[in-house]
Amino acid sequence: MSANAVSDEQQTQWIEVCDKNALDSDTGVCALINGKQIAVFYVGKLDEVFAIDNYDPIGKANVLSRGIIGTQGEHICVASPLYKEHYDLRTGECLENSDIRVTAYAVKIENGKVLIAV
Amino acid sequence: MSKQRVIVVGNGMVGHKFIDSVINSDNAENYEILTFSEEPRLAYDRVKLSSYFSGSTVDDLMLTSEEHYQSAGVIYTLNDKVVDIDHDNKTVKLASGKVERYDKLVLATGSYPFVPPIPGKDQPHCLVYRTIEDLEDITASAQESKVGVVVGGGLLGLEAANALKNLGLETHVVEFAPRLMAVQLDEGGGNLLRRKVEALDVNVHTEKNTKNITAGEKHRYRMEFADGSYLETDMILFSAGIRPQDELARNCGIDVGERGGIVIDNYCRTSVEDIYAIGECALWDSKIFGLVAPGYQMAKVALSHIDGGKEEFTGADMSTKLKLLGVDVASVGDAHARTPGAQTYTYEDGVNEVYKRLIVSEDRKKLLGAVLVGDVEAYGTLQQMCVNSMDLPEAPEQLILPASDGSAGAAMGVDALPDTAQLCSCLDVTKGDIVDAVQGGCCTMGDIKEKTEASTGCGGCAALVKSVMDNELKNLGVEVNNHLCEHFNYSRAELADIVRVKKIESFDELLDSHGNGGLGCEICKPTVGSILASFWNDYVLEDKHMGLQDTNDIYLGNMQKDGTYSIVPRVAGGEITPDKLIVLGEVAKEYDLYTKITGGQRIDLFGAQLHELPEIWKKLVDAGFETGHAYGKSVRTVKSCVGSTWCRYGVQDSVGMAIAVENRYKGLRSPHKLKFAVSGCTRECAEAQSKDIGVIATENGWNLYVCGNGGMRPRHADLFATDLDDETLVKYIDRVLMFYIRTADRLQRTSVWLENLEGGLDYLREVVIDDKLNIAQELEDEMTSNIGKYQCEWKTTIENPEKLKRFRHFVNSDETDSNLAYVVEREQRRPANEQERENQIPAVEVTA
Ligand SMILES: Cc1cc2nc3c(=O)[nH]c(=O)nc-3n(C[C@H](O)[C@H](O)[C@H](O)COP(=O)(O)OP(=O)(O)OC[C@H]3O[C@@H](n4cnc5c(N)ncnc54)[C@H](O)[C@@H]3O)c2cc1C
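All figures in this text were calculated on a predicted structure; none of them were measured in a lab. (Residues numbered from 1 in each chain as written. Chains lettered and ligands numbered in written order. Predicted model: local features only at pLDDT ≥ 70, side-chain atom pairs only at ≥ 80, totals over all residues. Heavy atoms only, no water.)

(A) Summary view of the overall build of chain B. For chain B, the count of helices and strands is 27 helices and 38 strands. Across the 848 residues in chain B, those meeting the buried criterion constitute 52%. Once local pairs closer than 6 in sequence are excluded, the contacts in chain B between residues at least 24 apart make up 60%. Entry remark: accessible area of chain B is about 38100 Å², with carbon and sulfur atoms responsible for 47%. (Helix = DSSP H or I, 4+ residues; strand = E, 2+ residues; numbered from the N terminus. Buried < 20%, exposed > 50% of the residue type's maximum accessible area, 1.4 Å probe, protein only. Contact = heavy atoms within 4.5 Å. Areas by Shrake-Rupley, 256 points an atom, 1.4 Å probe, with all protein chains shown as cover.)

Written as structure tokens, this is what we have:
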């Protein structure tokens, strides 16, 4: 299991979100952490979890957790279910418009629990 | 060296083109540009003026902006008119009194609408059609009018008539000549156009000479004609031709033609040194060019001359292709066969309302002109043959005859075109330019448009440009591929074959065996999900299929713009009991769902949040409802009229048949959505001929129509077979649908599928009726197996606690999405728009 190092390990606070088996392979769920909506995805083939904002800045709605996961070249990404822009799950970058990005969060699995760093 | 001061009089389409060309030229720094416009805004797209009536705004029409001119250093003055030229001192004088010096003067004053000198023409509600202000006047006048008359049945007149119709007026066209579009069309073409236009409820009056406009009895005005007849109307729109705006030149000693127009030579120079004229105000070789492309050409030539170049204007092709009131019309070259010795070929199809005429040289070697009404597909080929003086084929009539297999007539191979052939006359793009662009790396129409600007004007050349592009790609050995996406080098149809033949049952299995690595994407996953469902019909939320589905399929609802879902239970055939109707009403009320009747005769409930979906569906399923699959690429509805059980005219039980058909195919996943209808008699109240599958009752059984479409690109369905009994009808539908599912592309509706199917309708009949491929039994078996596995996905879902876990907004909290905000409109809620959110107008937070 890998942690996607986005924030500095030392200062981060890991928050437990749910059981790993609450995540279905290749789909997303949404977690509420300190009032913030965070989309969490589990990619079965890689056995890896990812977390980015749930808010779609283009469609302006909390929907990214409900998009389809896939790859575009090297990028592992989710396609917004509203207008289908792709967001890189590691960096939060919007592949169609480099001026737009959502926050990507570090996430790891420990003892069968999903933990997110905020 | 100091800059040359160039003044451009008029900032219309051509004046702007000139300025834009200067800005973009390598020598831009050598010039200081000033421009004056009598109109209150900079140049806009007059050619697309009519789109104002179908929703375009002034902003959409603008060709440039004040910011753009400012940043390019162009000095402009709006609302001011040049009234005098002193060519000895090289100055111009403005209406405002200002005087400006020039080194070079470019007149681009355009033209004005000609209004015949009829007594009474200057009253209110007597208008013209040239500027944005004119459009505003027309719109205002239409609000106080019921009837509108367009004077003039030419190209612009018919465009104006369309505008009046769109504004809801009873519309008439009054034409002096014996036929419509007398300049472009011959008698046969004009007559057919008239018939088509009249079928659209536009009244055409030819050979009418208006003598007087007086007060009317029933309407505002009465138009009195020379033959003693009259017509009453509330407004009059003059579109009787244009006249060059040459007053300024005329008053300042510049030569103008006898019948108007500023005389220019091949360099666009007028009779006075350092003064040029371009566009519709210019007269070249005693001709005025009332189209924008020749004006653009002149702008280029004038700039070249000022810059010391040698380009010349040598006339322009006046061929035109348009859609007027929805009727396709084209005219090429010498449409009236005025060339001595000209021979003609005429093809007239009264049934399908098509008229085509070729005008060829005496020796039948060259094409001189053509007239096309109703079917203008051959325009590109004919226009190119004509302007490039290419040799005609052995049997020229082939160019306008439909080929015997039903597909379009013989087209010219684009290889035969010379590189100099101008494909896009609006922006002057040649075949050579397209070839260069492809060699430079362009491989889509988007690339081509960006690089060469071809097809960005009127768009009439798009088909031709695309075939030149495809041809060049082929020459370069670039495979024009139909690969689904980066993960599969196969088309949807090929993947469907692989899945079926190799009995593949999951996406991963297919990706591993036939894909290119990676994880897949939002294109291939749902496509493969749909193929798997079409052939094996598993529960779509089976673990291994879940990640393949669009959100609509995962949550079995249609996601709306704010992330909530809509709910559409099946109402087969549109038949519903009062009790069920009450249940829908009660559920909608309980959850405050916005409620609307759909075009498919059922009821759509909007605004349900994720966590509410299972509760709502439980109530619906308990009351006997099933999912309507409105969220899937699948069978939607079978619309019906009430049929012989109630209707005095019905000859068969259309509702019964509709319900049987809907229940048979419900849940069937397909490359795109499928819509059906059944009508109980030939009055066709269910509009079956606009559906993928349409059934119309006859005295002896059912007529089957296939591959129609409403929506974005309407297509009339084709009559496939007649007088079928119930059993044969269902058998044919089974086969047609399964053959479509096997062979169509992703998101290809049946209409487009049929158009692309080699052999077309006849081939489909051979496969389905004659069983030419010997697969009819297979197709039926596949359908039977699919139908046997039908389940209501909602029923399955609410019975499965594991699956229900997904129906909550947060995985770690019972809270709901706090971002949702609604306002009430017409007694129901709808999502608040951004402004309403900001203003916090009674944006009610919805909690449930
Ligand atoms: C409804 C409509 C549909 C059309 N459809 C087509 C089509 O499908 N295809 C096609 O090729 N063409 C079409 N045309 C014709 C096309 O719009 C013209 O060919 C084109 O606009 C000519 O450009 P221009 O610059 O010469 O004249 P204009 O665009 O008329 O510009 C001239 C400008 O100069 C200004 N002006 C005049 N005198 C002075 C002065 N003394 N001082 C300051 N300013 C002055 C005028 O106010 C005007 O703004 C259509 C025209 C109309 C009205």
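(B) Structural context of the site of the ligand. Residue and element names in this part refer to chain B. The full set close to the ligand counts 28 residues, and V14, E39, R130, E280 and V292 are the nearest of them. Between an oxygen atom of the ligand and a main-chain N or O atom of M13, the distance comes to 3.3 Å. The separation between an oxygen atom of the ligand and a polar side-chain atom of E39 is 2.6 Å. Within the complex, the protein chains bury 93% of what would otherwise be the 990 Å² of accessible surface of the ligand. Counting only elements with at least two residues in the shell around the ligand, the list comes to α1 (13-24) and α5 (155-166). The leading source of residues in the shell around the ligand is α1, at three residues. Of the domains in this structure, domain 1 (4-111 + 244-306) and domain 2 (126-240) are the two that each give at least three residues to the shell around the ligand. (Near = heavy atom within 4 Å. Polar contact = N/O pair within 3.5 Å; in protein donor to acceptor, adjacent residues only side chain to side chain. Domains from an automatic or database assignment.)

(C) Representation of the sheet that holds strand β15 (residues 230-233) of chain B in the model. Residue and element names in this part refer to chain B. On the basis of which strands lie adjacent, the open sheet formed by three strands has the order β13-β14-β15 and antiparallel pairing. Each edge of the open sheet is held by one strand with a lone partner, namely β13 (210-215) and β15. The sheet shows a mean angle of 20° between the axes of neighbouring strands, direction not considered. As paired strands, β13 and strand β14 (residues 221-225) are joined by five bridges and run antiparallel to one another. For T210, the partnering residue across the bridge sits in β14 and is F225. (Pairing = 2+ DSSP bridges. Axes fitted to C-alpha atoms, helices over the stretch in contact; angles between N-to-C directions.)

(D) A look at the pattern of salt bridges. Residue and element names in this part refer to chain B. The final tally for this structure, using the stated rule, is 55 salt bridges over all chains. The partner of K639 in a salt bridge is E687, with the nearest N and O atoms 2.9 Å apart. You can see K639 sitting in strand β32 (residues 635-640) and its partner E687 sitting in the loop between β33 (674-679) and β34 (693-698), a full 48 residues away along the chain. Its relative accessible area of 13% is what places K639 among the buried residues. For E687, a relative accessible area of 44% gives the class partly exposed. In this structure, R715 and D718 form a salt bridge, with 2.7 Å as the shortest nitrogen-oxygen distance. For R715, a relative accessible area of 18% puts it in the buried group. One salt-bridge network, held together by shared partners, links D497, R500, R742, E778 and E782. (Salt bridge = Lys/Arg side-chain N within 4 Å of Asp/Glu carboxyl O.)

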